[in-house]
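Architecture at a glance
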Amino acid sequence: GGDHAPVGAAQRNKRWRGTMTEDVAAGQADAVDIVRIMGMIPHRYPMLMIDRVVDIVGTETAVGIKNVTVNEPQFQGHFPQRPIMPGVLMVEAMAQTAAVMVIHSLGADTEDKLVYFMSIDDCRFRRPVVPGDSMRIHVATERNRGNVWRFQGKVYVDDQLCSEARFTAMLVDE
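Residues numbered from 1 in each chain as written. Predicted model: local features only at pLDDT ≥ 70, side-chain atom pairs only at ≥ 80, totals over all residues. Heavy atoms only, no water.

**As for the overall build of the protein chain**
The secondary structure content of the protein chain amounts to 4 helices and 7 strands. Reading the helices (α) and strands (β) of the protein chain from amino to carboxyl end gives α-α-β-α-β-β-α-β-β-β-β. Looking at the protein chain residue by residue over its 174 residues, the buried ones come to 45%. A separation threshold of at least 6 residues defines the contact pool for the protein chain, and within that pool the share at least 24 residues apart is 66%. For the protein chain, the computed accessible surface area is about 8,800 Å², with 50% contributed by carbon and sulfur atoms. (Helix = DSSP H or I, 4+ residues; strand = E, 2+ residues; numbered from the N terminus. Buried < 20%, exposed > 50% of the residue type's maximum accessible area, 1.4 Å probe, protein only. Contact = heavy atoms within 4.5 Å. Areas by Shrake-Rupley, 256 points an atom, 1.4 Å probe, with all protein chains shown as cover.)

Listed below in structure tokens is the structure:
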């Protein structure tokens, strides 16, 4: 269902460290595979930054999965001797995870929409992400007014926080 209101700060904060929400534990969360993702957002290689989205709880929370491999094009120049996932691509993965969560939860009427960044705030990079890592991209809706959405995103690898940001996006007609 897509009629979930954004969660409060106290409820949202308990969800962050890879802990399961009650909906996830009860088996009431949804998941979306790569084929379905490509039907929901227009991104394609090399800009498709998520492999699947799991633990979708309405428009409240979701977790994107990105398996980082050395043969991705960004590693040819960032950096050839020590490949590190660019921070801006981690933020892009947060946005794509949020877009899939919203489009999945609101249904077919939103599948012809594009999602545009409006702002990125409080962005921090805590730990490098390298080839071989599996990023778990946690997103939570902070608020929604009409077609404008505000999210908090955090990227984890092996339960270690790698990056975090708050971002605002707008759903617009394609």
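**Some details on helix α4 (residues 87-106)**
For α4, spanning 20 residues, the distance from its first C-alpha to its last is 29 Å, which sits close to the expected 28 Å at 1.5 Å a residue. Of all 20 residues in α4, 17 are buried, a share of seventy percent or more. Just downstream of α4 lies Gly107, where phi reads positive at about 95 degrees. (Expected span 1.5 Å × (residues − 1).)

**What to know about unusual backbone geometry**
The amide bond that connects Tyr45 to the next residue, Pro46, takes the cis arrangement and shows omega of 10 degrees. The topology assignment puts Pro46 in the loop between α3 (34-40) and β2 (52-57). Backbone torsion omega between His78 and Phe79 reads -10 degrees, so that peptide bond is classified as cis. Looking at where Phe79 falls in the secondary structure, it is placed in the loop between β3 (61-67) and α4. Notably, Asp55 is not glycine yet its phi reads approximately 55 degrees, a positive angle. Here Asp55 shows up in strand β2. What makes Asp55 partly exposed here is its relative accessible area of 24%. Unlike most non-glycine residues, Asp159 shows phi in positive territory, near 65 degrees. Mapping Asp159 onto the fold places it in the loop between β6 (148-157) and β7 (160-173).

**A short note on empty space enclosed by the protein**
All chains considered together, the criterion is met by 1 cavity of 30 Å³ or more. In terms of lining residues, the largest cavity is bounded by Ala95, Ala98, Ala99, Val102, Val115, Trp149, Phe151, Phe167, Ala169 and Leu171. Those elements that provide at least two residues to the lining of the largest cavity are α4, β6 and β7. For the lining of the largest cavity, the element with the highest residue contribution is α4, accounting for 4 residues. Looking at the lining of the largest cavity residue by residue, the class counts come to 10 nonpolar, no polar and no charged. (1 Å grid on protein atoms, 1.4 Å probe; cavity = no way out; pocket = protein on both sides within 12 Å on 5 of 7 lines; lining within 4 Å. Points joined across faces, edges and corners; volume = space filled by probe spheres on them. Nonpolar A, V, L, I, M, F, W, Y, C, P; charged D, E, K, R; others polar.)

Purely geometric numbers; function is a separate question.
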